Amino acid sequence: MQRSTQSTVIVAAIALAAFVTSFSTITWGQGAQAPAANTPPKPLVPVAASSVATNPDPYLGEYVTMTGAVEASLSKTSFSVDQDKTKATGKEVLVLAPSLQKPVEPNGYVTVIGQLIKFDEKEVAEKLKDYQIDLSPADVAKFKGKPVVLATAVINTAGIDIAKKPIPAMTADDLALQKIMTKLPPAQGAVRKSLDSKDAAAAKEQAAILKDSFTQIEAFFKAKNNEEATKWASEGKGHAESILVNLGMNNIEAAKTSITPLGGTCASCHGKYRERMEDGTFRLKTGS
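Let me sum up the structure you'll find in this document.

About the criteria used
Residues numbered from 1 in each chain as written. Predicted model: local features only at pLDDT ≥ 70, side-chain atom pairs only at ≥ 80, totals over all residues. Heavy atoms only, no water. Helix = DSSP H or I, 4+ residues; strand = E, 2+ residues; numbered from the N terminus. Buried < 20%, exposed > 50% of the residue type's maximum accessible area, 1.4 Å probe, protein only. Contact = heavy atoms within 4.5 Å. Areas by Shrake-Rupley, 256 points an atom, 1.4 Å probe, with all protein chains shown as cover. Salt bridge = Lys/Arg side-chain N within 4 Å of Asp/Glu carboxyl O. Core = buried A, V, L, I, M, F, W, Y, C linked by side-chain atoms within 4.5 Å. Expected span 1.5 Å × (residues − 1). Polar contact = N/O pair within 3.5 Å; in protein donor to acceptor, adjacent residues only side chain to side chain. Disulfide = S-S within 2.5 Å. Phe/Tyr/Trp six-rings, centres within 6.5 Å; stacked < 30°, edge-to-face > 60°. Lys NZ or Arg CZ within 6 Å of the ring centre and 35° of its normal.

Of regular secondary structure, the protein chain possesses 10 helices and 8 strands. Within the protein chain, buried positions represent 38% of all 288 residues. Counting contacts in the protein chain only where the partners sit at least 6 residues apart, residues at least 24 apart contribute 64% of the total. Carbon and sulfur atoms provide 55% of the accessible area of the protein chain, an area that totals close to 15600 Å².

Among the secondary structure elements, Gln-206 is positioned in helix α7 (residues 200-223). Once you skip the residues sitting within four places of it in the chain, Gln-206 turns out to touch Pro-186, Ala-187, Ala-190 and Val-191.

Using the criterion set out here, one finds 12 salt bridges in the structure. A salt bridge links Asp-120 to Lys-144; its shortest N-O distance comes to 3.6 Å. Remark: Lys-144 occurs in the loop between α4 (137-143) and β6 (147-155) and Asp-120 occurs in the loop between β5 (109-118) and α3 (121-127); sequence separation between them is 24 residues. Here Glu-228 makes a salt bridge to Lys-272, at a shortest N to O gap of 2.7 Å. Note that Glu-228 is positioned in helix α8 (residues 227-248) and Lys-272 in helix α10 (residues 259-273), a separation of 44 residues in sequence. A relative accessible area of 44% means that Lys-272 is categorised as partly exposed. Here the residues in one salt-bridge network are Asp-196, Lys-198, Glu-253 and Lys-256, joined through shared partners.

The biggest cluster of nonpolar side chains holds 27 residues, and the ones touching the most others in it are Val-191, Leu-195, Ile-217 and Ile-243. Breaking this core down by element, the ones donating at least two residues are α5 (172-181), α6 (184-196), α7, α8, α9 (252-256) and α10. With 7 residues, the single largest contributor to this core is α7. Setting aside its immediate chain neighbours within four residues, Val-191 contacts Ala-203, Gln-206, Ala-207, Leu-210, Ile-243 and Ile-259. Residues Val-47, Ala-49, Val-110 and Ile-162 belong to the second largest nonpolar core, which totals 21 residues.

Let us look at α8. Counting along an α-helix, one turn takes 3.6 residues, and residues three or four places apart therefore face a common direction. Over its 22 residues, α8 extends 31 Å from the first C-alpha to the last, a length consistent with the 32 Å expected when each residue adds 1.5 Å. What α8 keeps buried is the set Ala-229, Thr-230, Trp-232, Ala-233, Gly-236, Lys-237, Ala-240, Ile-243, Asn-246 and Leu-247. Buried-residue contacts for α8 involve α6, α7, α9 and α10. Capping the start of α8, Asn-226 holds a side-chain oxygen 3.4 Å from the backbone nitrogen of Glu-228, two or three residues further along. Backbone geometry just downstream of α8 places Asn-250 in the positive-phi region, at approximately 60 degrees.

Turning next to the state of the cysteines. What the rule picks out here adds up to 0 disulfides. No disulfide involves Cys-266; its sulfur sits 8.1 Å from that of Cys-269, the nearest cysteine. Of the residues examined, Cys-269 reaches a relative accessible area of 8% and is grouped as buried.

It is worth spelling out the packing of aromatic side chains at this point. One pass over the full model with this rule turns up 3 aromatic pairs. With 5.2 Å between their ring centres and 90 degrees between their planes, Phe-220 and Phe-221 make a pair best called edge-to-face. Under the relative-accessibility criterion, Phe-220 is labelled buried at 12%. On the basis of relative accessibility, which here comes to 0%, the residue Phe-221 falls in the buried class. With 6.1 Å between their ring centres and 55 degrees between their planes, Trp-232 and Tyr-273 make a pair best called tilted. Note that Trp-232 is positioned in helix α8 and Tyr-273 in helix α10, a separation of 41 residues in sequence. Judged by relative accessible area, which is 10%, Tyr-273 ranks as buried. A network of ring pairs unites the aromatic residues Phe-220, Phe-221, Trp-232 and Tyr-273 as a single cluster. Over the ring of Phe-220 we find Lys-224, and its NZ or CZ is 5.6 Å from the ring centre.

Turning to unusual backbone geometry, a few remarks are in order. Positive phi, normally seen in glycine, also occurs at Lys-198, with a value near 60 degrees. Mapped onto the elements of the fold, Lys-198 is located in the loop between α6 and α7. Under the relative-accessibility criterion, Lys-198 is labelled exposed at 53%. Of note in the backbone geometry, Asn-225 takes a positive phi value of approximately 60 degrees without being a glycine. Checked against the element boundaries, Asn-225 lands in the loop between α7 and α8. The class of Asn-225 is exposed, set by a relative accessible area of 69%.

Okay, here's the thing in structure tokens:
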């Protein structure tokens, strides 16, 4: 193996390890059905471009990691990969990368990560809802029925994922909601701990913070005419009020029964109307 190829493989392996670490969050964090507890996410399948081009059937539907040389840049969001950077072998694999941020380097090695299917315009449209195929008619005809990787990552020789979307700046609404939301997790944890230790005074203090936060969130979404999110915030406020009422009657066990449903309202709203970025911050989902 040539030295440059060795370096490429090492860099790609490091980048791939980082990607795999976050793959579960990426896959299951956007409202998809998560695997059962203690069930690891399905592993990525390492493949060679030549193997895929020759016999794609064993890998169809799988999420693969494929390292090879760029054969041709076909459009702003598509290119083909071959196993041999020195010559065209006719065993090239199409890659569609909707979020490609910069052109691929001709003959440069890349590691492509994504789902492998056979190229069909209708199936691509179903899997990539907001993506418009920008291949030429000639290339559409050329690759029809052949393997294509729907790339979620394209890692170059520098270890940079050039298909990684930049994190969008926070809007005024994002900032306003974050200011309120950041109070919820610590207050939820603290009220649970206080109830478990039967510290009613501390539990009242934290439940009051929860009630105030949910009241502000309710007003936020009401102003946005989001009835569903407003309803969830109202329910969260109701659970916080229930904790306060039960604590006022010195009934700590009854107060505890509101903790789980309160957390459920947060999970419901986050799952539908909040999107977690890679830096740990959140954005309002489009339409919310």
